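Observations on the model geometry
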Amino acid sequence: MPLIALLAGDGIGPEVTAEARRVLDALTLDLIFEEALVGGAAYHATGHPLPPETLALAQRADAILFGAVGDPLCDKLERSLRPEQAILGLRKHLGLFANLRPAKLFPGLEDASALRPEVAAAIDMVIVRELNGDVYFGEKGMRTTVDGLREGYDVMSYNEAEVARIAHLGFQTAARRGGRLCSVDKANVLETSQLWRDVVIEISAHYPQVALSHMYVDNCAMQLVRNPGQFDVIVTGNLFGDILSDQASMCAGSIGMLPSASLDSAGKGLYEPIHGSAPDIAGQGRANPCATILSAAMLLRHSLGMREAADRIEAAVGRALATGARTSDLGGTLTTHAMGDAVLAQL
Ligand code: NAD
Ligand code: IPM
Ligand code: MN
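If you're wondering where the values come from, they're calculated on a predicted model, not measured in any experiment. (Residues numbered from 1 in each chain as written. Chains lettered and ligands numbered in written order. Predicted model: local features only at pLDDT ≥ 70, side-chain atom pairs only at ≥ 80, totals over all residues.)

Details of the domain arrangement of the protein chain
Basically, it comes down to this: Domain start and stop points were drawn from an automatic or database domain assignment. Each residue gets a C-beta atom placed from its backbone, and two residues are in contact if those atoms lie within 7 Å. Every helix listed is a DSSP run of H or I at least four residues long, and every strand listed is a run of E at least two residues long, numbered separately from the N terminus. Three classes are used, and their members are as follows: Ala, Val, Leu, Ile, Met, Phe, Trp, Tyr, Cys and Pro are nonpolar, Asp, Glu, Lys and Arg are charged, and the others, Gly among them, are polar.
Taken domain by domain, the protein chain holds domain 1 (1-96 + 259-347) and domain 2 (114-251). Centre-to-centre separation of domain 1 and domain 2, based on C-alpha positions: 24 Å. Taken residue by residue, the interface counts seven residues in domain 1 and seven residues in domain 2. Residue contributions to the side of domain 1 that touches domain 2 peak at three residues, all from helix H4 (residues 84-93). Across the side of domain 1 that touches domain 2, the residue classes break down as three nonpolar, two polar and two charged.

Okay, structure coming up:
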């Protein structure tokens, strides 16, 4: 029986993963769940945001369902002890280099989008975000300049192998969808991006069926709100992908709607909503659990090969929304648990 590591984390993490767990349980798929502490919760209990037992469970499991990490009480800790290091550590230790972030508008959510309904309705895209490199994992630190000024630095770099493996996944994702791949970079300024663009062009020779285009990230941010329907698949680096996916979420109605899969090269994956621990609404039962429920569907599809069950969950979310079920981020009044009930009722 497949083992799922359930890492709920902080803030709204436990609230939204509880609803995803109820949905998975209702499908009676014979999954085994094992829970472990992660993030601020793990720091407070053990002194470390990613305890060895949690990492070991994640390594042993067939897939990981992750809530969110982040705790304002930890923001002044030295960086290596902060909750965010847990998710960064899991991505790095497990070699989860590819982050798929699908953004589409469920019918009925046009009014929740920050865009005009007819513009919003067209969004149906996947952001393929590189997850193991970039400025996130370069040398970083604080130093003093010769003038005695404090200076922070973070080195941005990608080598060609790192770019090539995410480019392949971008092309393969586009080949299975609309056949259009847009590579997003800042090659007009950054050497990292020049290499990115050169390598993506080289890899494109293997995928003649995919139409490749390039866009600077600043223009991309603008195009996403002007006309998100123009995009099929975007492939981009760690930092740009982080920012653009939060933006894409509001085109699709709410950050509480976007799931994600973080994959290694062998099919192992960690599945989490793109949002964080939302300390501003934590403990109030107001969080939208749909992103996490949809992440559970991605888990079934990508790591366990359970396509039918994944389809069932996604269809149930769609039907629940079509009946008018809405948490407050979508303009409704349902609690997190009631939204979970609405999805369960449609399974
Ligand atoms: P956030 O995504 O937690 O919240 C941003 C805004 O969106 C908040 O107003 C929040 O209330 C709202 N929101 C987020 N998820 C929601 C949901 N499911 N339903 C309704 N509203 C929702 O981002 P932030 O406030 O910048 O960060 C808070 C903490 O989360 C920080 O510590 C940050 O580092 C962390 N974080 C963690 C992850 C992760 O675990 N992968 C991702 C992003 C941020
Ligand atoms: C995300 C988050 C993380 C990131 C943080 C918490 C490290 O914003 O998962 O989108 O920047 O990747
Ligand atoms: Mn983010």
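Here we look at the site of ligand 1
Applicable threshold: Only the C-beta atom matters for nearness: placed from the backbone, it must lie within 6 Å of the molecule or strand for the residue to count as near.
In the vicinity of ligand 1 there are 21 residues, among which Gly70, Gly256, His275, Gly276 and Asn288 approach most closely. Of the residues that constitute the shell around ligand 1, the class distribution is 11 nonpolar, six polar and four charged.

What about the sheet that holds strand S1 (residues 3-9)?
Put simply, the rule is: In this analysis, strands are considered paired if DSSP registers two or more bridges between them. Working convention: axes come from line fits to C-alpha atoms, limited for helices to the stretch in contact. Angles between N-to-C directions cover 0 to 180 degrees.
The sheet built from 10 strands is open, its strands ordered S2-S1-S3-S12-S11-S4-S5-S10-S8-S9 with mixed pairing. Of all the strands in the sheet, just strand S2 (32-35) and strand S9 (211-216) have a single pairing partner and so form its edges. Taken pair by pair, the neighbouring strands of this sheet meet at an average axis angle of 25°, ignoring direction.

A short note on the UniProt feature "binding site: substrate" (unreviewed entry) in the protein chain
Applicable threshold: UniProt positions are given in the numbering used here, feature names are shortened, and annotations may be inferred rather than shown by experiment. Counting other C-beta atoms within 10 Å of a residue's own tells you its class, since 20 or more makes it buried, 12 or fewer makes it exposed, and anything in between is partly exposed; those C-beta atoms are placed from the backbone.
UniProt's entry tags Arg91, Arg101, Arg129 and Asp218 with the feature "binding site: substrate" (unreviewed entry), counted in the numbering of this structure. In sequence the annotated residues extend across 128 residues, and in space they extend as well, their farthest C-alpha pair lying 26.5 Å apart. By the secondary structure assignment, Arg101 is in strand S4 (residues 98-104). For Arg101, a count of 24 C-beta atoms within 10 Å translates into the label buried. When near neighbours in sequence (up to four residues on either side) are disregarded, Arg101 contacts Val126, Ile127, Arg129, Ser245, Leu258, Ser260 and Ile274. Locating Arg129 in the fold gives a position in strand S5 (residues 124-130). C-beta crowding within 10 Å serves as the criterion here: with 29 such atoms nearby, Arg129 is assigned to the buried category. Excluding residues that lie within four positions of it along the chain, Arg129 makes contacts with Asn99, Arg101, Thr236, Asn238, Gly241, Asp242 and Ser245.

Considering the site of ligand 2
If you check the shell around ligand 2, you find Glu84, Ile87, Leu88, Asp242, Ile274 and Gly276 and nothing else. Considering each element in turn, the shell around ligand 2 owes the most residues, three residues, to H4. Looking at the shell around ligand 2, its residues break down into three nonpolar, one polar and two charged.

Describing unusual backbone geometry
Positioned with a positive phi, Asp134 is a non-glycine residue whose angle comes to about 75°. Tracing the chain through its elements places Asp134 in the loop between S5 and strand S6 (140-144). Look at Ala278: it is not a glycine, yet its phi comes out positive at around 40°. Here Ala278 lies in the loop between strand S12 (269-273) and helix H10 (290-304).

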